[in-house]
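Working through the structure, step by step
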Amino acid sequence: MPPRIILKPGKEKPLLARHPWVFSGAIARVENARAGETVDVCDATGRFLARGYYNPQSQIAARVWTFDDAPVDRDFLRARLERAIGARDPLIDRATTNAYRVVNAESDFLPGVIVDRYADFVVMQFLTLGVETRKMELVELVAELIAPRGIYERSDVDVREKEGLVSSVGVLYGETPPDLIEIRESGFRFGVDVKRGHKTGFYLDQRENRRQLAVSRQPSAVEILNVFSYTGGFAVYACAANKNARVVNLDASRDALNLARENMRLNDCDARGEFVEGDAFQILRRYRDQGKSFDAIILDPPKFVSAQAQLHSGLRGYKDINLLAFKLLKPGGTLVTFSCSGQVSAPLFQTVVFQAATDARRDAHIIAKLSQAPDHPILLAFPESEYLKGLVCRVD
Ligand code: SAH
């Protein structure tokens, strides 16, 4: 008997709509399946629905590889990787950009697998037991299909704990990446620390938003406050868009700010940068008390909500930071505000920003709505793949 998961009656509906997750509560019984193995997922009558991988330790007890009755072998994985790589061709202008996400897990039909490209190097994350067990196969295939100088692993993410896995970091193939890899994004130069930086080193999901940055279209945006600046992505674009722009970069991480300065230098705009280390909430309050004001403020905070239990406190965080920002904007100024919390929907985020504006007694118009870059695709059947949302607001 092949390993099988039999669902409770009625629990097949999400899978019939091609949603790739099976929650543990949906399972009636498990036959012969061991942790990490490939299993068939069947409805209550025993009819085949999907083939996926199983982890009894996780609340997401199975993730779907395929809805077809086909083997999940090396050729299958190769075809999935080729499909994801090919899907980037129309999305990435390789003449100006050589850092982008090649595989975005579930939304590229490779659940639990992240593959990011940084110039000649690749960084991979294995988020689940099911792909941890296929790690070397996937690494060999990525090496074959992309031919990078090296593949580095950054599986140091909290979600692995929920899968019963510990962190894993280091070289998986080829050369060790240098401490800073120089990448090009939209023609700009950035140093990326793939070994110690956040995520796999750079916030690739903000590429298109940096490009479209509405502040860049306003000649009046001279004094810009880049809150949660990380390594200065938004600052470099803002300076290039406006010869008079000056950017205050604010972040809690000294390493990030040092690299922000270096990145501004690489793009000949460090003389127009200021670098302030500290807690954004405290510093924005201090600026308010000092009567400071800015033409544009960018708020790109870390994920304030990573579990439903944090929703209330997370929303407070978004409200506070946006309220302070509204108070610090000059008349006619622009707020570019983001949330990367998947649990906070776009309409909910908009409500919070609205409440912040109301409390700050500012009228504001939404002049653009922003999302994640298309190399972080949103799969219609998998709404969980949509996480980044942003609003560009013009205040009166
Ligand atoms: N906008 C950046 C990405 C921001 S990531 C880009 O485009 O690259 C979020 C950043 O917030 C991180 O650099 C982290 O160091 C910083 N951070 C987290 N909590 C903070 C706090 N309380 N005050 C200031 N910075 C904080």
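The structure presented is a predicted model; accordingly, all values stated were derived computationally and were not measured.

Definitions and cut-offs
Residues numbered from 1 in each chain as written. Predicted model: local features only at pLDDT ≥ 70, side-chain atom pairs only at ≥ 80, totals over all residues. Heavy atoms only, no water. Axes fitted to C-alpha atoms, helices over the stretch in contact; angles between N-to-C directions. Helix = DSSP H or I, 4+ residues; strand = E, 2+ residues; numbered from the N terminus. Parallel < 35°, antiparallel > 145°, perpendicular 65-115°, else oblique. Left-handed = near helix turned anticlockwise from the far one by under 90°. Contact = heavy atoms within 4.5 Å. Nonpolar A, V, L, I, M, F, W, Y, C, P; charged D, E, K, R; others polar. Buried < 20%, exposed > 50% of the residue type's maximum accessible area, 1.4 Å probe, protein only. Pairing = 2+ DSSP bridges. Domains from an automatic or database assignment. Buried area = accessible area lost by both parts, 1.4 Å probe. Polar contact = N/O pair within 3.5 Å; in protein donor to acceptor, adjacent residues only side chain to side chain. Phe/Tyr/Trp six-rings, centres within 6.5 Å; stacked < 30°, edge-to-face > 60°. Lys NZ or Arg CZ within 6 Å of the ring centre and 35° of its normal.

1. Some remarks on the packing of helix α2 (residues 74–87) against helix α4 (residues 135–146)
How two helices sit against one another is set out by the angle between their axes and by the gap between those axes. In contact at an axis separation of 10 Å, α2 and α4 are set at 45° when each is read in the N-to-C sense. Considering the angle they form, α2 stands oblique to α4. Crossing of α2 against α4: the hand is right-handed. Each of R74, L77, R78, L81, E82 and I85 in α2 lies in contact with α4, whose residues at this interface are E137, L138, E140, L141, V142, E144, L145 and I146. Broken down by class, the residue content of the contact of α2 with α4 amounts to eight nonpolar, no polar and six charged.

2. Overview of the pairing of strand β12 (residues 181–185)
Only one face of β12 is buried: it carries I181, I183 and E185, and the other face, with E182 and R184, is open. The pairing of β12 with strand β13 (residues 188–192) spans five bridges and is classified as antiparallel. Within β13, the residue paired with I181 across the bridge is V192. Connecting β12 to the next strand, β13, in antiparallel fashion are two residues, including S186 with a positive phi near 50°.

3. Quick look at the sheet that holds strand β4 (residues 38–42)
Taken together, the six strands give an open sheet; going across it, the order is β2-β6-β5-β4-β1-β3, and neighbouring strands pair in mixed fashion. Two strands bound the open sheet, and with one partner strand each, they are β2 (21–23) and β3 (27–31). Averaged over all adjacent pairs, the angle separating strand axes in this sheet is 30°, with direction ignored. Pairing geometry for strand β1 (residues 4–7) and β3, over four bridges, is antiparallel. Across the sheet, the residue bridging to I5 is V30, located in β3.

4. Topic: the domain arrangement of the protein
Domain annotation of the protein identifies domain 1 (4–66), domain 2 (74–179) and domain 3 (203–395). Across the boundary between the two partners, domain 2 contributes 14 residues, which contact nine residues of domain 3. Summed over both partners, the interface of domain 2 with domain 3 comes to about 990 Å²; 66% of that surface belongs to carbon and sulfur atoms. Among the residues domain 2 hides against domain 3, the three largest losses belong to L91, R101 and S107. Together they make up 40% of the total. On inspection of domain 2 and its partner domain 3, the count reaches three residue pairs in polar contact (both at pLDDT 80 or more). Mapped by element, the contributors of at least two residues to the side of domain 2 that touches domain 3 are β7 (99–104) and β8 (113–118). By residue number, the principal contributor to the side of domain 2 that touches domain 3 is β7, which donates four residues.

5. A closer look at the side chain of D40
Along the chain, D40 turns up in strand β4. A relative accessible area of 13% means that D40 is categorised as buried. Among the polar contacts listed, one links the side chain of D40 to the side chain of R51, at a separation of 2.6 Å. Excluding residues that lie within four positions of it along the chain, D40 makes contacts with P3, R4, I5, F48, A50 and R51.

6. A few points about the side chain of S385
Its location among the elements puts S385 in the loop between β19 (364–371) and β20 (389–395). Under the relative-accessibility criterion, S385 is labelled buried at 7%. Looking at S385, its side chain comes within polar contact range of the main-chain nitrogen of L379, at 2.9 Å. Engagement of the side chain of S385 in a polar contact is seen with the backbone oxygen of F382, the distance being 2.6 Å. Those residues in contact with S385 that sit more than four places away from it in its chain are S107, Q372, P377, I378 and L379.

7. Focus on helix α9 (residues 280–290)
Taken residue by residue, α9 has A280, F281, I283, L284 and Y287 as its buried positions. Those residues of α9 that are buried are in contact with β14 (223–227), β15 (246–251), β16 (273–277), β17 (294–299) and α10 (311–328). Looking at the residues trailing α9, positive phi occurs at G291, about 75°.

8. Some words on the packing of aromatic side chains
Using the criterion set out here, one finds 14 aromatic pairs in the structure. Ring centres 6.0 Å apart and planes at 90° place the aromatic pair W21 and F23 in the edge-to-face group. Residue W21 is classed as buried on the basis of its relative accessible area, which comes to 17%. Taken together, a centroid distance of 5.1 Å and an interplanar angle of 50° make the contact between F190 and F202 tilted. Of this pair, F190 sits in strand β13 while F202 sits in the loop between β13 and α6 (207–212), and the two are 12 residues apart along the sequence. The residues F190 and F202 share a single accessibility class, namely buried. Three or more aromatic residues joined by ring pairs form one cluster here, namely F228, F281, F304, Y318 and F349. Above the plane of the ring of F234 lies R210, whose end atom (NZ or CZ) is 5.9 Å from the centre.

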